[in-house]
Amino acid sequence: MDFWFSYVALASIYVLLGLSTNLLVGIAGIFSVSQAAVFGVGAYIVAFFLMNDILSFLPALAIAAAGCIALNVLVTLPALRVSGDYFVVTSFGIQLLATAIFTNWTAGTGGANGLPGIPPADLFGKALEDTSSMVMLCVGGMILGGLVFWLVMRAPFGRLLRAIREDELAVAATGKSVLRAKVSAAALAGAFAGTAGGLYATFLSFIDPSSFDLDSSILLLTMVVVGGARTLAGSVLGPFLLLALPQILTLIDIPTTIAAAMRQLIYGVLLIAFMLFRPQGLAGERL
Amino acid sequence: MLALQLACNGIVTGCALGVVAISFSFIYATTKLFHVAHAGVYTLGGYLAWAMLRQGLPTPIAFLVSIACCTVLGALIQWQLYARLERRRATHLVVLIASLGALAVIQNIIAAVFTANILLFDLPWGSRVIHLGGDVRLTMTQLLTVAASLLAYAALMLFSHGTILGKQIRAVASNPFLAEITRLRPRRTHIYVMAIASALVCLPGILTPLDLGLQPYNGITPLLTATIAMIAGGVGSITGAFVLAVVITELQNLSLLVIPGEWSIGVTFFIFVIFMLFRPTGLFAAAR
Amino acid sequence: MSAYLQAEGVEVRFGGLRALRDCSFTVQQGRITCLVGPNGAGKTTIFNVITGFLRPQAGHVAFKGQSLDGWKPQAIVAAGIARTFQNLRLFVDLTAVDNVLASLPHQAGEEPLSAVFRPLHVMTHQRRRRAEAMAILEHVGLAKRAGDFVRNLSYGEQKLLIIARVLATGAELLLLDEPASGLSASALDNVMALLRRLQAEGKTLLVVEHNTRVVQQIADDVLFLHQGHLMAQGSPETIINDPALSEIYFGGAL
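### As for helix H1 (residues 2-31) of chain B
All names here are of chain B.
Now for step 1: The end-to-end C-alpha separation of H1 is 42 Å, in line with the 44 Å expected for 30 residues at 1.5 Å each.
Now for step 2: Taken across its 30 residues, H1 has 23 buried, putting it largely inside the fold.
Now for step 3: Downstream of H1 by a residue or two, Lys32 has a phi angle that is positive, lying close to 60°.

Below is the structure:
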């Protein structure tokens with residue numbers, strides 16, 4: 001039972017990350033390998049506020065989301081103004097820099113050993129100490145995130161993003177700012193990632209840099225690619241499928257020393273295979 | 001004097017990085033593809049050389065076979081992956097993701113076969129130390145790195161400006177549409193470009209780990225620095241990429257005097273941000 | 001007296017190529033002005049300069065007495081100038097009405113905050129905008145095809161849609177790049193009637209056109225462009241009947 005709780009909670013958190021990555025990569029068309037870094041920033045911010053007893057869960061989460069919004073805007077705004085490929089460099093740079101900070105800024109992030117003992121989330125004064133209520137919180141977060149995504153995509157903003165994906169020049173000719181739309185999409189993606197980070201920190205009560213590195217960003221991309229770009233269904237399917245993968249792999253006898261490499265290898269193969277043969281993923285639209 | 005030693009080390013590493021930069025630039029200028037998997041080819045070169053040296057093969061053979069394998073791998077990625085995607089009119093984003101997938105596959109196959117631990121080379125002649133003036137000491141490997149890198153730079157420049165194929169490649173780079181309707185065959189050109197660039201990048205892929213050791217995931221940081229050098233030097237300028245690679249590495253090394261080593265990525269990134277804000281076309285941008 | 005739209009001494013160079021050299025012309029308000037000239041004369045380049053997509057190396061463009069130098073494309077559209085593209089550039093995976101909606105300015109819900117926090121407001125606003133978009137489609141004669149995807153529209157219908165899209169911006173000066181090219185005779189008459197209707201409603205049109213019959217039928221003024229420079233300006237009859245100009249244009253008499 002515990003395993004299923006854990007799976008559902010983590011999958012819900014990763015759905016939020018999937019929505020975030022989908023907004024950035026699937027919808028705004030911005031190649032990003034720094035999603036895990038933003039996820040990490042959200043997690044560390046919430047951990048900081050809760051562990052030092054400064055704020056309760058919801059305000060901490062709000063600040064984490066705000067911080068991640070700011071981070072995404074700060075990063076995409078200058079890079080997008082110049083050229084798409086510049087953002088690739090920026091994204092790799094951000095991810096590597098974040099991992100360096102998470103690993104070496106021991107005072108703030110606990111360094112490579114991470115932060116153990118993060119207090120559980122609390123809602124309106126009541127601490128959620130048992131697993132089932134935490135799971136419900138995560139699932140609730142996922143549902144809320146899905147609702148926000150749905151609202152945004154059916155609004156004129158969603159149509160604007162779809163038009164931008166088709167023809168940026170034509171959109172610019174109608175007098176609308178392509179840059180502002182892309183940066184807004186990135187900001188929203190930041191909000192999702194920051195929230196996911198906060199839920200992650202309180203659910204696991206321990207975080208360390210290995211959950212927020214380049215390999216994790218690759219996993220997030222794989223989720224969106226496999227699940228499908230630009231749709232709510234794809235953002236849900238990808239995480240649930242890919243988080244089941246490690247469990248499936250334990251059925252095959254793989255020595256633990258190479259288990260991590262095998263997982264990453266499979267993600268790489270999935271990325272290539274889907275881009276070659278099914279760019280729309282299982283339940284999405286063509287990337 | 002520490003600063004002088006750091007400066008010399010910087011030139012050594014910078015030259016090696018210069019080859020990464022010029023090979024990446026060669027690909028990017030011609031195919032317009034951000035070939036992230038280049039970091040994987042770089043890493044593979046080192047591991048293949050290590051494996052062969054371990055088996056007792058003579059050094060020159062190990063080098064040559066590694067270069068050959070990298071060449072084949074690069075050409076294969078272009079032929080079977082990028083060309084296919086191009087035929088389907090895939091967007092830039094799709095190709096980037098596929099390239100990232102290829103990188104993940106290469107790195108993790110290496111990690112599965114050789115483990116993720118750092119592997120060291122065992123070349124006695126390589127670690128012989130030469131004393132230069134002013135307390136500066138360089139190993140044979142380091143000297144070899146500088147020599148080989150400068151040779152590689154010269155070779156690429158000669159090829160690009162002096163040979164027919166090189167000129168054809170530059171023509172394709174400057175006007176792919178026109179190249180398509182004349183007889184320049186851009187698709188075949190792209191395979192040559194990837195093959196040559198992959199052969200080139202194998203050199204620093206072997207030489208740098210001779211000093212610092214091998215690790216499966218160590219390819220992305222040099223690639224990142226190399227691309228920043230390419231952008232800062234001006235896309236399309238081979239000299240610009242090489243020079244800036246040396247300059248950036250120098251700055252990184254000298255910064256070690258004041259900042260701990262774990263933060264060097266920050267220095268590189270800071271340089272990139274400066275260029276992006278103030279001179280995004282680079283210093284030696286090719287005249288359009 | 002400053003003209004409605006005025007270009008003075010505009011120079012545009014691409015590398016060694018001079019796309020526009022010392023290009024000067026005026027466009028009068030409320031009239032249909034046709035821009036003609038052989039291929040490569042710089043007609044589309046002029047559009048790009050006026051709409052802010054291209055910065056000239058020299059020269060000025062002024063609209064209603066105000067200089068447009070250095071203005072961003074968004075600002076120029078807001079000031080009342082909008083253009084179409086020769087190769088359509090419609091949003092193929094969107095419906096006709098969505099193409100028009102995507103071009104309407106100042107919509108609630110075009111950024112995430114209002115979309116998330118004021119969904120009902122966005123919904124009511126959208127209903128009004130949809131009615132506006134339908135009216136525009138009605139105006140160009142595409143009301144029946146509103147819900148169809150662009151890839152299912154005929155070429156003639158797509159040409160009407162790009163006019164609908166540029167009307168949606170609310171601009172008073174419309175720059176139309178070959179609105180009638182590639183059309184059958186009946187579709188052509190349709191478009192010409194539409195252009196005259198737009199003029200009657202107060203719009204000013206600057207139209208790039210190759211078809212001399214179209215030019216004769218709708219133009220009030222004609223600007224003849226050659227090698228990036230304005231060679232002649234006048235009524236359709238004078239321009240079309242000028243043997244020297246038709247020599248340049250056709251390599252022979254009309």
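### Observations concerning the confidence of the model for chain C
Now for step 1: Taken residue by residue, chain C gives an average pLDDT of 89. The fraction at 70 or more is 97%.
Now for step 2: Listed scores for the predicted complex are pTM 0.88 and ipTM 0.93.

### Thoughts on unusual backbone geometry
Now for step 1: Of note in the backbone geometry, Asp53 of chain A takes a positive phi value of approximately 60° without being a glycine.
Now for step 2: Along the chain, the position of Asp53 of chain A falls in the loop between helix H2 (35-51) and helix H3 (57-82).
Now for step 3: The exposure class assigned to Asp53 of chain A is exposed, which follows from its relative accessible area of 70%.
Now for step 4: One non-glycine residue, Leu88 of chain C, adopts positive backbone phi at about 65°.
Now for step 5: Residue position: Leu88 of chain C is located in the loop between strand S6 (81-83) and helix H3 (96-101).

### Thoughts on empty space enclosed by the protein
Now for step 1: In this structure the tally under the stated criterion is 6 cavities of 30 Å³ or more.
Now for step 2: Empty space within the second largest cavity amounts to approximately 90 Å³.
Now for step 3: Taken together, Ala170, Ala173 and Thr174 of chain A together with Arg83, Thr84, Phe85, Leu88, Ile162, Arg165, Val166 and Thr169 of chain C make up the lining of the second largest cavity.
Now for step 4: Looking at side-chain class alone, the lining of the second largest cavity contains 6 nonpolar, 3 polar and 2 charged residues.

### Some remarks on the interface of chain A and chain C
Now for step 1: On the side of chain C, 32 residues touch chain A, which itself brings 25 residues to the contact.
Now for step 2: Carbon and sulfur atoms make up 66% of the area that chain A and chain C hide from each other, which totals about 2300 Å².
Now for step 3: Considering only the surface of chain A that becomes buried against chain C, Arg159, Glu166 and Lys176 of chain A emerge as the three largest contributors, covering 26% of it.
Now for step 4: There are 3 salt bridges connecting chain A and chain C.
Now for step 5: Across the pair Arg89 of chain C and Asp167 of chain A runs a salt bridge whose closest N-O atoms are separated by 2.9 Å.
Now for step 6: Between the two partners, chain A and chain C, sit 9 residue pairs in polar contact (both at pLDDT 80 or more).
Now for step 7: Listing elements by their share of the side of chain A that touches chain C, those giving two or more residues are helix H6 (131-154), helix H7 (156-166), helix H8 (168-173) and helix H9 (178-204) of chain A.
Now for step 8: For the side of chain A that touches chain C, the element with the highest residue contribution is H7 of chain A, accounting for 7 residues.
Now for step 9: When grouped by side-chain class, the residues that make up the side of chain A that touches chain C number 14 nonpolar, 4 polar and 7 charged.

Reading guide: rules and limits
- Residues numbered from 1 in each chain as written.
- Chains lettered and ligands numbered in written order.
- Predicted model: local features only at pLDDT ≥ 70, side-chain atom pairs only at ≥ 80, totals over all residues.
- Heavy atoms only, no water.
- Helix = DSSP H or I, 4+ residues; strand = E, 2+ residues; numbered from the N terminus.
- Expected span 1.5 Å × (residues − 1).
- Buried < 20%, exposed > 50% of the residue type's maximum accessible area, 1.4 Å probe, protein only.
- pLDDT = per-residue confidence, 0-100.
- 1 Å grid on protein atoms, 1.4 Å probe; cavity = no way out; pocket = protein on both sides within 12 Å on 5 of 7 lines; lining within 4 Å.
- Points joined across faces, edges and corners; volume = space filled by probe spheres on them.
- Nonpolar A, V, L, I, M, F, W, Y, C, P; charged D, E, K, R; others polar.
- Contact = heavy atoms within 4.5 Å.
- Buried area = accessible area lost by both parts, 1.4 Å probe.
- Salt bridge = Lys/Arg side-chain N within 4 Å of Asp/Glu carboxyl O.
- Polar contact = N/O pair within 3.5 Å; in protein donor to acceptor, adjacent residues only side chain to side chain.

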